[in-house]
Amino acid sequence: MNRSHRFFQISLFVLLVFYPCSVSFAVRVERLIDTWQPKHYVVNITLNDRLSEITSASARIDVLILKLTKVVDLDFGELAIDAVTVNSKTATYIHRDGKLKIDLAESASPGTQLQISVQYHGKPKDGLILTNDKDGKPSAVGDNWPNRVHHWIPTLDHPSAKATVTFNITAPAGNEVVANGKLDNVQTTANGSRTWTYSEGVPIPPYCMIIGVGQFARFEPKERSITLLSYYVPQSDGPLAIKGFAPSIPTLAYFSETVGPYPYEKLAMIVGATRFGGMENSSAIVFTSNLFGPRPPQAKISQTYGIPIGTVSLIAHEIAHQWFGDSVTESTWADLWLSEGFATYFAGLFLQRYESEEAFQSYMKEAATSALAYEKSNRIPIHDRDTEDLFKLLNGNNYQKGAWVLHMLRARLGDDAFFRGIRSYYQAHANATASTEDLRKALEKSSGQDLRAFFQRWIYDSGHPQYELSWQFGLAKGGTRNRELRLTLKQLQPGNVFLDPVPVTLRTSSGSRDILLKPTAATTVETIQLREQPSGIEIDPRNTLLKEAKVVGIQTKAAGV
Ligand SMILES: [Zn+2]
């Protein structure tokens, strides 16, 4: 699917060369905020006894009009609509092909605030997963990434359309209900059901708006945490939850010290229905139901927590998203690495601090392997404006290469400037959105360095450097008795040159020496005085660059060459 799409683009490019005015590249159309903006949702949902259907629901959407319009076009899936009102008056609408177009009767001007209310019912096709948990008990859990929330809540279904949300969820007694934000109230209704009210007081992306309903076992860890922390798991996972989720407490503390204050009112760690390993819903993370399942025999076990290191990094990844992705949200899908690359790298940073340097190095090596493998068959920039299928953005570029971009920036700027830049980027965009350019500017400000060429090559262009280093050692020119080493660094990758300085370590019998080659073209030649022939030469020994590299052609120069 992807391959044939790229082939089509290459064909378009050929056409473009010959017919420059008649054809243009297809750029993905994003559902950005345009004529109106949702500010707050109040979502009331009543579930039936078996949690297999929404008996009745209503969503009130507080809308701010941005441009003169007569229509508000919500995203809304296939559920049956019972009524639509605008400012309490019945409105006419068209509900077709995933859109709900509401006629405002008269044009609304910029600055107008409207209350739109939609009443509906039925069994959602997607987004709210109505299924049995691993113990066979009924459950209902939201799982919306990337744009599936509109199958159960009418929304503007794009990550940039952030809003606050209140949920009133009515479910049969015996069920526990969790959702984004603070639990305000639990009320028993006449027929024995209970209505749970949760409110999220800061704007969150629509794909992070969820509820979780089921017969969960609920735990609160005894250790102090920086926010109200609780675990919701199927009953049979009860004995495993406290140990299995133990990394959550130091992760929350570490990221709040390193990045900024935790953005939400609480954090619920939930084991339930998700099509992902974990889904980072704001303040209510859902993990796959086999999270605490049998370990694969080859799984490396954390020395700190006694659970697989893969589980530790998964927990840290989803918690890192609370800052990156949830609080600072990618402004377009092309900026997704600001969510996934950050979560991947910050999970690595957690391992570096709380597990070991070795665990971090091996995590980054595995990330490099994945990123390079992805690029073998996909020459696409991280900043991808074309790919139509959003699930295909869950790839080695946005995760592992994005993490490596941050690792390289950290190595280039130094810890002090890097983390200062990250903190000011976070502070400037918390509970809002950010673009790749916002990150570049923040890091330029904290470091005083011009990072345009770096971002251009690593984010907006594709591929990675393939270095080949050859060397010659012998007498220097000019008849002196001095000896010299001539290093030739070639970049063999197709496309543009990488200008990143390349550290090289030379080993001789008297010790080792570090030098820095600074490419300005595909071939870089450097000659240095050296008393004896090196016994070894290594490119990037501390693994600070995402690359392929080989050292070749050990030769001794003839005298006077
Ligand atoms: Zn993620």
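Residues numbered from 1 in each chain as written. Predicted model: local features only at pLDDT ≥ 70, side-chain atom pairs only at ≥ 80, totals over all residues.

Participant: Report on the overall build of the protein, specifying residues and quantitative values.
Facilitator: Within the protein, the secondary structure is distributed over nine helices and 29 strands. Considering only C-alpha atoms, the protein reaches an extent of 100 × 65 × 40 Å along its principal axes. For the protein, the proportion of its 561 residues judged to be buried stands at 41%. A fraction of 69% describes how many contacts in the protein between residues 6 or more apart in sequence connect residues 24 or more apart. (Helix = DSSP H or I, 4+ residues; strand = E, 2+ residues; numbered from the N terminus. Buried ≥ 20, exposed ≤ 12 C-beta atoms within 10 Å, placed from the backbone. Contact = placed C-beta atoms within 7 Å.)

Participant: Run through the sheet that holds strand β5 (residues 89–90), naming residues and quoting values.
Facilitator: Spatially, β5-β4-β8-β2-β1-β11-β14-β13 is the arrangement adopted by the eight strands of the open sheet, whose pairing is mixed. For this open sheet the edge positions go to β5 and β13 (182–188), each flanked by a neighbour on one side alone. Looking at chain direction, strand β2 (residues 54–65) and strand β8 (residues 113–122) are connected through nine bridges and run antiparallel. Following the sheet pairing, Ile61 is matched in β8 by Ile116. (Pairing = 2+ DSSP bridges.)

Participant: Quick one: what's the story with the nonpolar core, residue by residue and with numbers?
Facilitator: Core analysis: the largest hydrophobic core is formed by 136 residues, its most contacted members being Ile102, Ile169, Ala179, Ile270, Ala320 and Phe346. Ignoring sequence-local partners within four residues, the contact set of Ile169 consists of Ile45, Val177, Ala179, Thr195, Trp196, Ile211 and Val213. (Core = buried A, V, L, I, M, F, W, Y, C linked by C-beta atoms within 7 Å.)

Participant: So, the sheet that holds strand β6 (residues 93–96): which residues are in play, and what are the values?
Facilitator: Across the sheet, three strands lie side by side as β3-β7-β6; this open sheet has antiparallel pairing. Taken across any chain shown, the strands that pair with only one partner, and hence form the sheet edges, are β3 (69–75) and β6. Strand-to-strand twist in this sheet, taken as the mean axis angle between neighbours without regard to direction, amounts to 20 degrees. Here β6 pairs with strand β7 (residues 99–108) via four bridges, running antiparallel. Paired with His95 across the two strands is Leu100, which belongs to β7. (Axes fitted to C-alpha atoms, helices over the stretch in contact; angles between N-to-C directions.)

Participant: Talk me through the domain arrangement of the protein; I want residue IDs and the actual numbers.
Facilitator: Each assigned domain of the protein is listed here: domain 1 (37–289), domain 2 (324–458) and domain 3 (466–556). Taking only C-alpha atoms into account, the centre of domain 2 sits 29 Å from that of domain 3. On the side of domain 3, eight residues touch domain 2, which itself brings 11 residues to the contact. Among the elements that line the side of domain 2 that touches domain 3, the one with the most residues is helix α6 (residues 357–377), at five residues. Of the residues that constitute the side of domain 2 that touches domain 3, the class distribution is eight nonpolar, one polar and two charged. (Domains from an automatic or database assignment. Nonpolar A, V, L, I, M, F, W, Y, C, P; charged D, E, K, R; others polar.)

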